[in-house]
Amino acid sequence: MKKSLLIVLVFLAFAGLCSAQEPVDLGRGLTYLRVGDFRADGATLGAQVSTNRPLVVDLRGATASAGEAAEFSAAVARRAGSLPLMILVGPDTPATLMPALAKLPAGALTLGIRTAQPAPSLVIEQTEDADRRAYAAWQNGTALEVLINGKLEKSRFDEAALVKEFQSGHGTVTPPAAPNPAAKPEGEPAALADRVLQRAVHLHRALIALRPR
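Rules and cut-offs
- Residues numbered from 1 in each chain as written.
- Predicted model: local features only at pLDDT ≥ 70, side-chain atom pairs only at ≥ 80, totals over all residues.
- Heavy atoms only, no water.
- Salt bridge = Lys/Arg side-chain N within 4 Å of Asp/Glu carboxyl O.
- Helix = DSSP H or I, 4+ residues; strand = E, 2+ residues; numbered from the N terminus.
- Buried < 20%, exposed > 50% of the residue type's maximum accessible area, 1.4 Å probe, protein only.
- Expected span 1.5 Å × (residues − 1).
- Arc of directions from axis to C-beta.
- Contact = heavy atoms within 4.5 Å.
- Core = buried A, V, L, I, M, F, W, Y, C linked by side-chain atoms within 4.5 Å.
- 1 Å grid on protein atoms, 1.4 Å probe; cavity = no way out; pocket = protein on both sides within 12 Å on 5 of 7 lines; lining within 4 Å.
- Points joined across faces, edges and corners; volume = space filled by probe spheres on them.
- Nonpolar A, V, L, I, M, F, W, Y, C, P; charged D, E, K, R; others polar.

Trainee: Is there a simple way to think about the pattern of salt bridges in this case?
Mentor: As a working rule, side chains carrying opposite charge can pair if their charged atoms are close by. Applying the stated criterion across every chain yields a total of 9 salt bridges. The residue Asp129 makes a salt bridge to Arg133 at a minimum N-O spacing of 3.1 Å. Of this pair, Asp129 and Arg133 both sit in helix H5 (residues 128-139), separated by 4 residues, roughly a single helical turn. According to the relative accessible area criterion, Asp129 is partly exposed, its value standing at 48%. For Arg133, a relative accessible area of 43% translates into the label partly exposed. Residues joined by salt bridges that share partners form a network here, namely Arg34, Asp58, Arg60, Asp131 and Asp194.

Okay, structure coming up:
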């Protein structure tokens, strides 16, 4: 009995370690980190935040205690410079993280759909269902490149407007309309895109494009 219990505990501990997401290079110096359980991902998160490089932190499905949230807040406060730190939030972002996200330093802002908590600095027009399905798709095997680019033909944004959004830290963002599912051939599913993450990537690229040379 004791041996069986030990095996179960070891398995659960190993599963918890495997749940931690590794940082992903999104190109042009931008890193993406999805944070699930702060106990598993906290060390990686702290290391990434302290690098002072452009970073997207996805907290849409995170779980964190009040103490872990305070540690995250302290790490963000120590971040030097004004390189973008874009934090993705959603309806399922836990209340324990609200104090940490209420007051962010220069260069950091939150992005999410209209019903995200806390209210994001930049609001992306996407339904809760689509946001959750796009969030889950990567874990289910869909490549991030597909979720960011998808089949959003000529999804372009005005770079100056994007930078203005970043500098002001607030506003409602309406991405280009997705292709009309009714116009697709019968049986072809509608394109799935993570429009919150997509906007973060577009914002980073716009900042690069308008950087003084």
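Trainee: Looking at this structure, I do not really get helix H2 (residues 38-49). What am I missing?
Mentor: Residues spaced three or four apart along an α-helix point in a common direction, a consequence of the helix completing one turn every 3.6 residues. The terminal C-alpha atoms of H2 lie 14 Å apart, and with 12 residues this falls more than 12% below the ideal 16 Å at 1.5 Å per residue. Every buried residue of H2 is accounted for by Phe38, Asp41, Leu45, Gln48 and Val49. Viewed along the axis of H2, the buried residues span an arc of 95°, placing them on a single side of the element. Residues of H2 that are exposed and point over 90 degrees away from its buried face: Arg39 and Ala43.

Trainee: What exactly am I supposed to notice about helix H3 (residues 66-77) here?
Mentor: Taking 1.5 Å of rise per residue, the 12 residues of H3 would be expected to cover 16 Å, and the 16 Å separating its terminal C-alpha atoms lies within 8% of that figure. For H3, the complete set of buried residues consists of Glu68, Ala69, Phe72, Ala75 and Val76. For H3, the angular spread of the buried residues around the axis is 120°, confining them to a single face. Of the exposed residues in H3, the ones pointing more than 90 degrees away from its buried face are Ala66, Glu71 and Ala77. Where H3 is buried, its residues touch H2, strand S4 (85-88) and helix H4 (98-102).

Trainee: How should the nonpolar core be read in this particular structure?
Mentor: A general tendency of soluble globular proteins is for nonpolar side chains to be buried together. Of all hydrophobic cores here, the largest spans 43 residues; its most connected members are Phe38, Leu59, Phe72, Leu97 and Leu197. The element contributing the most residues to this core is helix H8 (residues 195-209), with 5 residues. Setting aside its immediate chain neighbours within four residues, Leu97 contacts Phe38, Leu59, Ala62, Ala64, Ala69 and Phe72.

Trainee: In this structure, what is going on with the environment of Gly61? I would like to understand it.
Mentor: If you trace the backbone, Gly61 turns up in the loop between strand S3 (55-58) and H3. The sequence separation of Gly61 and Val35 amounts to 26 residues, and the corresponding C-alpha distance is 7.3 Å. Once residues lying within four places of it in the same chain are set aside, the contact partners of Gly61 are Val35, Gly36 and Tyr135.

Trainee: Mind showing me how you'd approach empty space enclosed by the protein here?
Mentor: A probe matching the size of a water molecule, rolled over the atoms, marks out where space remains unfilled. Per the counting criterion, the structure on display carries 1 cavity of 30 Å³ or more. As a volume, the largest cavity reaches approximately 30 Å³. Arg79, Gly81, Leu83, Pro105, Ala106, Gly107 and Ala108 together form the lining of the largest cavity. Across the lining of the largest cavity, the residue classes tally to 4 nonpolar, 2 polar and 1 charged.

Coordinates in, geometry out; function isn't part of it.
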